[in-house]
Every structure is written in C-alpha cells, then in structure tokens.
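# Architecture at a glance
Here are the chains, one letter per residue:
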Amino acid sequence: MFVMAEKIIVGNWKANPESLREAKRILTPVRRAMGKLKQVEAVICPPAVWLGELSGGRTSGSRGSTLKYPKVEPRIRFGAQDAFWETGGAYTGMIGPTMVRNSGASHLIIGHSERRQLGDTDEVVNAKVRLALKHDLKVILCVGEKERDERGDYLKILETQLKAALAGVPRRRLGQLLVAYEPVWAIGERAKQSDTPPAFLEQAIFLRKVLADAAGKEFALALPVLYGGSATAENARGFLSEGRADGLLVGRASLDAEQFIKILRLADELG
Ligand code: PGA
C-alpha cells in the first residue's frame, strides 16, 4: 500500500473570523507550533480578504508575471476557499485564481458542499478546477454524498462528482490535485457525527480506483485523500492511522488554535 510521507492538515475557516485581529490571534500560535513540527503540512484557508496579510506573501504580480510563493514557515501554506472560473473581468464580487496566488496562496478549495449548496454544479466545479490548475494552484477538491444509503448508491455520486470535476484536465496537472472526502451529513454544527475511519478508508480506496480508471494507477496512488466532516483533536488519530487518511480538512476545530495545534502535533507524530 502506498503511504504518503507527510500529513496535510487543512484549516477551512469559512466565513470566520470577523476581523484581521482575531484572524491573527488564531494564526500566531499555530505558526509558532508549526516551527517545531517536521512531518506535517498545514494549509490555512482564511477568508480571502485576510489572505495577503496573513500569508505575508502578497506579490505585486500582474497577469503573465512570474508568481512567487511566499516566504513563510516551510510547512505552512495558505489557501483560498473558492475562486471564480475566470481570472478577471466584469464579474462583480468574484475573485480569480491568479488573484488568489498573488495574495500568497498555493492552494484552493473547490467544490465544498457549502459552495455546491449555493449553486456550484459539477460543471461549475469543473471550470473552476481547470482554471485553478492551469494557474499552478494546488486544488483541494471536495466530494461527498448528502446521504449514505445502505445499498451503496452514494458511491455513484462520488464517482460522478470526481469524474465531472476532472473532465478535460490534462494528465500533467493531476499532481496538483488533492481530494477531500467530506460526507455532507458529517459537516458543520448540525452534523450528528463524523464518519468512521474504516468507512473513510473504503471511500478513499474507491476514489483512487475511479481516478485509476480515468487517469492511470500512478496518479491514483499518489493522490492525497483527506477526510473532512467534524474532524476534531479527538477523532483525528483514528482517521489518520486506522483510516490511513493523508490528511484532514478541518472546519470548526481549525478556529480553535489550541485544538488545531493538537491535531497538527498528532499528524506530525503519525506522518
Ligand atoms: P467541520 O467542517 O469540521 O466544521 O464539520 C468541515 C468542512 O466543512 O470542511
């Protein structure tokens, strides 16, 4: 079985916190803790308005210029939570993937269930994925079923979401892809429970198989598959060891620096 060396812990802050000051209050201890960890990569995804300031990596790059990654702790990366399928133009309220990169981000979450809920279809997700990959971002593609039926029909949903998101993506770009398996019923405050590590392991194997059929075994084996949905300091070990997750996509628990650091330390230990 292919084992990924370094675990990847993504903090999806969603529409929180309300001020840059509070954002820094969360990030500062995380940064400090990361200075001592060797086997884990943290990807912090704050609201896009705080991205440049927090990453310290705003670049002046304009279209076509050489974009630079920011100089921050080697294992802290930054990501945005969404970006549009055009780099710019007359699209009020939208943010393009090159803007995201020019704000110091290396990663971009696409297809989160909360975005899908707001209208992102598989087609929209695909357009966003293609453009983000083209502009050298690492894409954290979220897939997940709304309900888990006993017959296993939900696997069809995962397959459709993954295949649709990657339609037309050149093979050479697949190394920039991470998949987060996030069952919708396990996400957020209303979720009654997280998934279980054995079930996650099954879905991860299934997703790799879908990618293997579509693009070849080597890509499938190298694909990082993360778990998301009520991930906490308590259940992280289960997903990362028994579930063999390559990492976690953490929502609520990423806003609590103490808890997030616990998860990072655990991942470092297991990485
Ligand atoms: P949660 O969110 O950890 O708060 O359930 C996860 C996510 O939506 O990515």
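In this report, we go over the structure that sits alongside the text. Keep in mind that this is a model prediction, so the values were computed, not measured.

Rules used in this analysis
- Residues numbered from 1 in each chain as written.
- Predicted model: local features only at pLDDT ≥ 70, side-chain atom pairs only at ≥ 80, totals over all residues.
- Heavy atoms only, no water.
- Salt bridge = Lys/Arg side-chain N within 4 Å of Asp/Glu carboxyl O.
- Helix = DSSP H or I, 4+ residues; strand = E, 2+ residues; numbered from the N terminus.
- Buried < 20%, exposed > 50% of the residue type's maximum accessible area, 1.4 Å probe, protein only.
- Pairing = 2+ DSSP bridges.
- Right-handed = clockwise from strand over helix to strand, strands pointing away.
- Disulfide = S-S within 2.5 Å.
- Near = heavy atom within 4 Å.
- Polar contact = N/O pair within 3.5 Å; in protein donor to acceptor, adjacent residues only side chain to side chain.
- Areas by Shrake-Rupley, 256 points an atom, 1.4 Å probe, with all protein chains shown as cover.
- Nonpolar A, V, L, I, M, F, W, Y, C, P; charged D, E, K, R; others polar.
- Contact = heavy atoms within 4.5 Å.

Before going further, it helps to examine the pattern of salt bridges. Under the defined criterion, the tally for this structure stands at 17 salt bridges. Between lysine 163 and glutamate 159 there is a salt bridge, with its nearest N and O atoms 2.8 Å apart. Highlighted residues: lysine 163 and glutamate 159, both in helix H6 (residues 154-166), separated by four residues, approximately one helical turn. Judged by relative accessible area, which is 43%, lysine 163 ranks as partly exposed. The shortest N-O distance in the salt bridge between aspartate 213 and lysine 209 comes to 3.2 Å. Here aspartate 213 pairs with lysine 209, and both are found in helix H7 (residues 197-215), just four residues apart, close to one helical turn. Through salt bridges that share partners, Asp82, Arg115, Asp120 and Lys128 make up one connected network.

This part covers the pairing of strand S4 (residues 107-110). Along S4, one buried face is formed by His107 and Ile109 and the opposite face, lined by Leu108 and Ile110, is buried too. As judged from the two bridges shared by strand S3 (residues 76-80) and S4, these two strands associate in the parallel manner. The residue bridging alanine 80 from the neighbouring strand is leucine 108, located in S4. Following the chain from S3 across helix H3 (residues 97-102) to the adjacent parallel S4, one finds a crossover that is right-handed. Bridge count between S4 and strand S5 (residues 138-143): four bridges; the pairing is parallel. Its bridge partner being in S5, histidine 107 is matched across the sheet by lysine 138.

Let us look at the state of the cysteines. A full pass over the atoms with the stated rule returns zero disulfides. In this structure cysteine 45 is not part of a disulfide, and its nearest cysteine sulfur, from cysteine 142, lies 9.4 Å away. For cysteine 45, a relative accessible area of 0% translates into the label buried.

It is worth spelling out the site of the ligand at this point. What surrounds the ligand is a group of 13 residues, the closest being Lys14, His112, Glu182, Gly188 and Arg252. The separation between an oxygen atom of the ligand and a polar side-chain atom of glutamate 182 is 2.7 Å. Contacts to the ligand include glycine 251, whose backbone N or O atom sits 2.9 Å from an oxygen atom. Burial of the ligand by the protein amounts to 99% of the accessible area it has alone, namely 280 Å². The residue inventory of the shell around the ligand, partitioned by class, reads four nonpolar, six polar and three charged.

Along the chain, asparagine 12 turns up in strand S1 (residues 7-12). Setting aside residues up to four positions removed in sequence, asparagine 12 forms contacts with Cys45, Gln81, Ile109, His112, Leu249, Val250, Gly251 and Ser254.

That's the geometry; what it means functionally is another story.
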